[in-house]
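Now for the letters of each chain:
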4 protein chains.
Amino acid sequence: MSVETVMKAAILGASGYTGAETVRLLAAHPHVEAVAATGNALSGKALSEIFPHLAGPSDLPVVKSDDVDWSGIDVAFSCLPHGTSQDLIETLPEHIRVIDLSADYRFRDAKTYFSTYGRHHLTPDKLRKSVYGLPEWCGKAARNARLIACPGCYPTATLLALLPLVEKIELDHLIVDAKSGVSGAGRGLKEGNLFSETAEGVHAYAVGTHRHVPEIEQELNLAAGRDDIGVTFTPHLIPMTRGELVTCHVRGDVDQIHAALTTRYGDAPFVHVLPLGAPPPDTRHVRGTNTCRIAVYPDRVKGRVVVIAVIDNLIKGSSGQAIQNLNLMMGWEETTGLSGLQALFP
Amino acid sequence: MSVETVMKAAILGASGYTGAETVRLLAAHPHVEAVAATGNALSGKALSEIFPHLAGPSDLPVVKSDDVDWSGIDVAFSCLPHGTSQDLIETLPEHIRVIDLSADYRFRDAKTYFSTYGRHHLTPDKLRKSVYGLPEWCGKAARNARLIACPGCYPTATLLALLPLVEKIELDHLIVDAKSGVSGAGRGLKEGNLFSETAEGVHAYAVGTHRHVPEIEQELNLAAGRDDIGVTFTPHLIPMTRGELVTCHVRGDVDQIHAALTTRYGDAPFVHVLPLGAPPPDTRHVRGTNTCRIAVYPDRVKGRVVVIAVIDNLIKGSSGQAIQNLNLMMGWEETTGLSGLQALFP
Amino acid sequence: MSVETVMKAAILGASGYTGAETVRLLAAHPHVEAVAATGNALSGKALSEIFPHLAGPSDLPVVKSDDVDWSGIDVAFSCLPHGTSQDLIETLPEHIRVIDLSADYRFRDAKTYFSTYGRHHLTPDKLRKSVYGLPEWCGKAARNARLIACPGCYPTATLLALLPLVEKIELDHLIVDAKSGVSGAGRGLKEGNLFSETAEGVHAYAVGTHRHVPEIEQELNLAAGRDDIGVTFTPHLIPMTRGELVTCHVRGDVDQIHAALTTRYGDAPFVHVLPLGAPPPDTRHVRGTNTCRIAVYPDRVKGRVVVIAVIDNLIKGSSGQAIQNLNLMMGWEETTGLSGLQALFP
Amino acid sequence: MSVETVMKAAILGASGYTGAETVRLLAAHPHVEAVAATGNALSGKALSEIFPHLAGPSDLPVVKSDDVDWSGIDVAFSCLPHGTSQDLIETLPEHIRVIDLSADYRFRDAKTYFSTYGRHHLTPDKLRKSVYGLPEWCGKAARNARLIACPGCYPTATLLALLPLVEKIELDHLIVDAKSGVSGAGRGLKEGNLFSETAEGVHAYAVGTHRHVPEIEQELNLAAGRDDIGVTFTPHLIPMTRGELVTCHVRGDVDQIHAALTTRYGDAPFVHVLPLGAPPPDTRHVRGTNTCRIAVYPDRVKGRVVVIAVIDNLIKGSSGQAIQNLNLMMGWEETTGLSGLQALFP
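Residues numbered from 1 in each chain as written. Chains lettered and ligands numbered in written order. Predicted model: local features only at pLDDT ≥ 70, side-chain atom pairs only at ≥ 80, totals over all residues. Heavy atoms only, no water.

Things to note about unusual backbone geometry
Here comes step 1: The residue after F345 of chain B, namely P346 of chain B, is reached through a cis peptide bond having omega 0 degrees.
Here comes step 2: The topology assignment puts P346 of chain B in the segment after α11 (315-330).
Here comes step 3: Positioned with a positive phi, E200 of chain D is a non-glycine residue whose angle comes to about 60 degrees.
Here comes step 4: Locating E200 of chain D in the fold gives a position in the loop between α8 (195-198) and β9 (203-204). (Helix = DSSP H or I, 4+ residues; strand = E, 2+ residues; numbered from the N terminus.)

This is the structure in structure tokens:
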């Protein structure tokens, strides 16, 4: 497929936030056209009825997945929940490339998938071959892959901050305190996502049990050639819609840590390492973009260092990264369709 | 002074949030009457012009501190900034009891005060005698004290969580990740407190350098009989007005830690330790109250434990605790004037 | 029943916001004790499991309404949705006083109830006898009533502002533009109440069709001795949890209007008319209280006047007013159990 | 100047929100390059120090206006406060085109400017010639203008909604109830813009006295060929950063009104009139865009109609509209540099 050809894309599960965001971002992509949006519960509606802000970018109807003519689809972005995602992906014709935003193909090991998500994987063999699509790290493996599994939003920010440091920090002392906006919880209807119970306060959740931790540990262990790295990960729900910040408490030398990050990401278009001494990065400064900002601070306690990373959870943590992965898969410029995104501040 | 007598109180620096909150709370105190409110910049106005919500509880005028007739004052609550606070406190007649909400008398050592606040203390000798007014810990020392120094908001939550644990946790591995609402920054006019730059995002600040850390370390070292405990403390600004949450990452045994907390605070009217397995405490559940809620969670990584404490920074972290301290000082029931406070949820 | 006796109260529908708020407020009432909380879907849980902030004020279990021993109940606060409310109220023994917070007994005319709520009333005859419980207006009628129907939150603020003006303003030009916090929509699970779709924006809803309008018109017509007053009422959803503000655009003389309000509410403990020229009233200044603040402003256009009223929708607009109504019903001091409420600002 | 040539732009007053937003948006404009940013108080800093989110789009230094080499500037966007704006604009060389975002050249009459802004205009004669830059209305007049005065944010939304209706509605009954996010108040440091005093509540301001009203009345009178139309305009501050909604209460026929709007804006790329019966427009649906959405609703009261318009106050209400005006001035496609903007939802 030449660059001039436009790929036809289907968005699976378009009635959630990541689905809508993928549709929105694809409208600016020169080589991809969203031609199908699935959503079984809301099928029959126009996508712009569900998400009026899409009235400009998209007038797609939402259809049942059974009603899609898959022969005309070149790539599928799956924005479905885990489980549901593999159920549909496994039925797709082989010619369709898949960018999966769910957790279904992130683990290299079916046992971890089972212990984390409580479900046996349909195709455990595929897991070993799947590409874990953190674009700044999977690089060549993504090229021509048939399926790329996009990392979770927390692993994205955490791994971008920690992967370059595996030789610089003490891997037995990793503590990550994370903060996420409410859109990270998706569009599901539960009391804990209501404005009245989410605004004007803060609380931790899934303390010691969050499903993104095995994913973080898997990649750190792979990078370090170990199998026993454990990460303390404590997420908090913040009264904001978009944005994610991870505060990584590590042990090492602040200058070496900063140097490792700047070296690693010198050419990365979407990862900006702030200079030492810069004001702390703010989720507001990356809102609406595919950018991750990382900064490094010495602690008062000698030998301890704080590494902070911020992303927009719906873009770099999800739909934007998915498109970045497609760019890598197709051999396009990594920033295609994403370079026009600017942070919306204030 | 018998319980029946009503103490006459002056609020120094009444035009800030903690000053206003002290006035508001005192309106419900049966043994204290606020009779003077000072504020040099806004003197001449009624307090209810500055804070219309006080129109009911208080019709005090704001006056310059020079214009107060101190002979009629029994107790002064100083809600002034550090430095300014001691400048005024040191001029007060000896018969006036002082509850200082500033940082000026919190340190036992003038050197730490200087290195932390960049100013030589006016009366370094007093520091050794001052009472650090964390009510659940200073107990008898507060009785009949002339001056009580109220802890900062972050030290209040952090120390309530950690002080009972000094024999149960590894004191060389203390990491506290803190989250505060914007009212913690006071009423000062700076860009960083504007709605447009504070809403819809999150960021860390004062990473590795926050002034409350030496205070936390002082008390932990005193409790442990050491002088070298260091705490990694990373505060974050949360887009909410009131509320503070500290996430303490410690090492120890989860059951021992929980037992130490429940034992220590079994009789404490304002500290509630949640049962093991309870949902994480939420600042919304203590908003408007003088209560601290503490909960304990095992981490996935063996031997690591997460202790979370939440308070209302303007009440338990400030004005409410100040009144609790006055109650102790005067030998009144600890809950006097504070027992009617209920959490405002949603 | 003497004042000393404590009435036993049941809260029907305690698992919603107004139910929880009623339980919370009753904890401070000297003559009432909440002894039963019903909620069919969540029965079996403790109320403090559903609403952890109530752990202090209440350890009531939630039970099915069928499981309540009604013989021991003196008064029932119905916080159920309309329809469900009358279904249960009509089964209660006659000795039980009822304070109904739903819409079921607000209309004097069963036809209006049907056209507004799409349901035939079970006991249309009762409607003519029911007391419309706007406490500042129903006064003596409430004394010894068996059932009081509390007004909706919008009618409460709107009628408090407009009822004193029926002889001072042109009743054919009434336009009310209303703003409400999200808690006004209750705890129902729908996309429109999610944080991510409610924060950071504003929109109108139910334009020209809100169910509270017939209620407003009913009372204005009754007060004016007319039957044809129509009110343009446009509500907006504001990204805040509590608070309600109505902006009433009227025609008349600003001084006469202000005088009518101050005269009417001179003795009302919960309605404060601000002096002419005062800064506009703010929902923040009544948050957490049973108070309505009203202010009057001349417009640039001669003969037009803006009357603004603010309340806390969950207290004066709901649970607080319900208790105020019980006080009137029982002949207690109107402020009983409510006088300790203070505005939580900031 | 051909389309291929890139105009050199100076942004005057770049340290405020509209200045920063203009810089950000210009980064996507193919025919304009921002080459100078002035800001006297913050000169010497990089713009990206003041606004870290601009680090990508712009590395301009902020300089004093005296230090700009005006000979190299083709167009100046003035984002200065009124008064200050004309002081600088009047000193600029004649070859520089000016897009003024302040109020200084909006009035056709110096008397109105004086009565509204309390200052005598420096060049009253210019006012009669200045173009009031509501792009959908000034059309040809903008072509080749030397100076365009951009409307205020409230007049933008209000006039887009009402100007097409001057022959369809009763012009003596115009009531506009407006709601704005806090960024509309700019970056000025005052208590009323602090998060703690702006979040979690709502209030009206400048009731009957807002400075944007004479501007609205001027344009309506001009359009209607009258001089006595008065508008009741009541703005409210909403706890959100961006967004503005005007609720216009008018009298007329709902179908005629809707038809007049759809006809007038059928070809307007940035004004979308929703179909009758559509859900109310939401500021969230235009956040981040240069789009105005307008909807029309019948009221319950016969003959009354509610017209609602929403914009992003910093884009269509300010910087985006300024660029749209430059496009018209230069004869470029109206959407140049603005067509890529998409609403950020959620």
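Back to the text.
A few points about the pattern of salt bridges
Residues and elements named next belong to chain A.
Here comes step 1: For the structure shown, the criterion picks out 76 salt bridges over all chains.
Here comes step 2: A salt bridge links K8 to E33; the shortest N-O distance between them is 3.0 Å. Of this pair, K8 sits in strand β1 (residues 7-12) while E33 sits in strand β2 (residues 32-38); the two residues are 25 residues apart in sequence, bridging distant segments of the chain.
Here comes step 3: Here E215 ties to R106 by a salt bridge, and the two come within 3.1 Å at their closest N and O atoms. Residue E215 is located in helix α9 (residues 213-224), and its partner R106 is located in the loop between β5 (97-100) and α4 (110-117); the two are separated by 109 residues in the primary sequence. (Salt bridge = Lys/Arg side-chain N within 4 Å of Asp/Glu carboxyl O.)

A look at the sheet that holds strand β13 (residues 292-298) of chain B
Residue and element names in this part refer to chain B.
Here comes step 1: Here seven strands make up an open sheet; going across it, the order is β9-β10-β8-β11-β14-β13-β12 and the pairing mixed. Of all the strands in the sheet, just β9 (203-204) and β12 (271-273) have a single pairing partner and so form its edges.
Here comes step 2: Inspection of the sheet shows strand β11 (residues 244-251) paired to strand β14 (residues 304-311) by eight bridges, in the antiparallel sense. Note on β14: the bridge partner recorded for V246 is A309. (Pairing = 2+ DSSP bridges.)

Quick look at helix α9 (residues 213-224) of chain D
Residues and elements named next belong to chain D.
Here comes step 1: With 12 residues, α9 extends 16 Å from end C-alpha to end C-alpha; this agrees with the ideal 16 Å at 1.5 Å per step.
Here comes step 2: Of all 12 residues that make up α9, nine are buried, and the element is covered over most of its length.
Here comes step 3: Every buried residue of α9 is accounted for by V213, P214, E215, I216, E217, Q218, E219, L220 and N221.
Here comes step 4: On its buried side, α9 packs onto α4 (110-117), β6 (131-132), α7 (153-162), β8 (174-180) and β10 (231-237).
Here comes step 5: G225 sits one or two positions beyond α9 and adopts a positive phi of about 65 degrees. (Expected span 1.5 Å × (residues − 1). Buried < 20%, exposed > 50% of the residue type's maximum accessible area, 1.4 Å probe, protein only. Contact = heavy atoms within 4.5 Å.)

Describing the domain arrangement of chain A
Residues and elements named next belong to chain A.
Here comes step 1: The domains assigned to chain A are domain 1 (7-129) and domain 2 (154-313).
Here comes step 2: Spacing between the C-alpha centres of domain 1 and domain 2 amounts to 26 Å.
Here comes step 3: Taken together, the contact pairs 13 residues of domain 1 with 11 residues of domain 2.
Here comes step 4: Interface area for domain 1 against domain 2, summed over the two sides, is near 1,100 Å², with a carbon-plus-sulfur share of 47%.
Here comes step 5: The interface formed by domain 1 and domain 2 holds three salt bridges in total.
Here comes step 6: Residue E21 is joined to R242 by a salt bridge in which the shortest nitrogen-to-oxygen separation is 2.9 Å.
Here comes step 7: Across the domain 1-domain 2 interface, the total number found is seven residue pairs in polar contact (both at pLDDT 80 or more).
Here comes step 8: Of all the elements in the fold, those that place two or more residues in the side of domain 1 that touches domain 2 are α1 (17-26) and α4.
Here comes step 9: The residue makeup of the side of domain 1 that touches domain 2, split by class, is five nonpolar, four polar and four charged. (Domains from an automatic or database assignment. Buried area = accessible area lost by both parts, 1.4 Å probe. Polar contact = N/O pair within 3.5 Å; in protein donor to acceptor, adjacent residues only side chain to side chain. Nonpolar A, V, L, I, M, F, W, Y, C, P; charged D, E, K, R; others polar.)

Describing the relation of the copies chain A and chain B
Here comes step 1: In the superposition of chain A on chain B (RMSD 0.0 Å, axial shift 0.0 Å), the rotation amounts to 180 degrees. Such a combination of rotation and displacement between the chain copies is what one expects of a two-fold axis. Closest approach to the rotation axis among the C-alpha atoms of chain A is made by P239 of chain A, whose C-alpha sits 3.1 Å away. (Least-squares fit on C-alpha atoms with pLDDT ≥ 70 in both.)

Considering the interface of chain A and chain B
Here comes step 1: Each partner contributes to the interface: chain A provides 52 residues, whereas chain B provides 52 residues.
Here comes step 2: Of the roughly 4,100 Å² buried between chain A and chain B, counting both surfaces, carbon and sulfur atoms make up 56%.
Here comes step 3: Interface area lost by chain A to chain B is led by V202, R284 and R300 of chain A, which between them contribute 17%.
Here comes step 4: Put simply, E200 of chain A and R287 of chain B hold a salt bridge, and the shortest N to O gap is 2.5 Å.
Here comes step 5: Elements supplying a minimum of two residues to the side of chain A that touches chain B: β8 (174-180), α8 (195-198), β9 (203-204), α9, β10 (231-237), β11 (244-251), β13 (292-298) and β14 (304-311) of chain A.

Structural notes on the sheet that holds strand β2 (residues 32-38) of chain B
Residues and elements named next belong to chain B.
Here comes step 1: The strand order across the open sheet formed by seven strands is β3-β2-β1-β4-β5-β7-β6, and the pairing between neighbours is parallel. Where the open sheet ends on each side, the last strands, each with one partner, are β3 (62-63) and β6 (131-132).
Here comes step 2: Bridge analysis of strand β4 (residues 75-78) against strand β5 (residues 97-100) gives four bridges, and the strand direction is parallel. Bridge pairing links S78 to D100 in β5.

Digging into the interface of chain B and chain C
Here comes step 1: Between chain B and chain C, the contact holds 25 residues from the first and 25 residues from the second.
Here comes step 2: In this assembly, chain B packs against chain C so that about 2,200 Å² is buried in total across both faces, 61% of it on carbon and sulfur atoms.
Here comes step 3: Our count for the chain B to chain C interface comes out at zero salt bridges.
Here comes step 4: Put simply, chain B and chain C have 10 residue pairs in polar contact (both at pLDDT 80 or more) between them.
Here comes step 5: Per element, the largest residue contribution to the side of chain B that touches chain C is four residues, and it comes from helix α1 (residues 17-26) of chain B.
Here comes step 6: A breakdown of the residues in the side of chain B that touches chain C according to their chemical character gives 13 nonpolar, six polar and six charged.

Let's talk about the state of the cysteines
Each disulfide consists of one covalent bond between the sulfur atoms belonging to two cysteines.
Here comes step 1: With the rule as written, the count across this model stands at zero disulfides over all chains.
Here comes step 2: Cysteine C248 of chain A remains unbridged, with the sulfur of C292 of chain A as its closest cysteine sulfur at 9.7 Å.
Here comes step 3: C150 of chain C provides the cysteine sulfur closest to C79 of chain C, a residue in no disulfide bond, and the two sulfurs are 8.8 Å apart. (Disulfide = S-S within 2.5 Å.)

Focus: the pairing of β10 of chain D
All names here are of chain D.
Here comes step 1: Burial runs high along β10: seven of the seven residues are buried.
Here comes step 2: The side-chain alternation of β10 yields two buried faces, one formed by V231, F233, P235 and L237 and the other by T232, T234 and H236.
Here comes step 3: Pairing between β8 and β10: seven bridges, direction parallel. Residue V176 lies in a different strand from β10, and its bridge partner there is F233.
Here comes step 4: Across two bridges, the pairing between β9 and β10 is antiparallel. Pairing of H203 across the sheet is with L237, part of β10.

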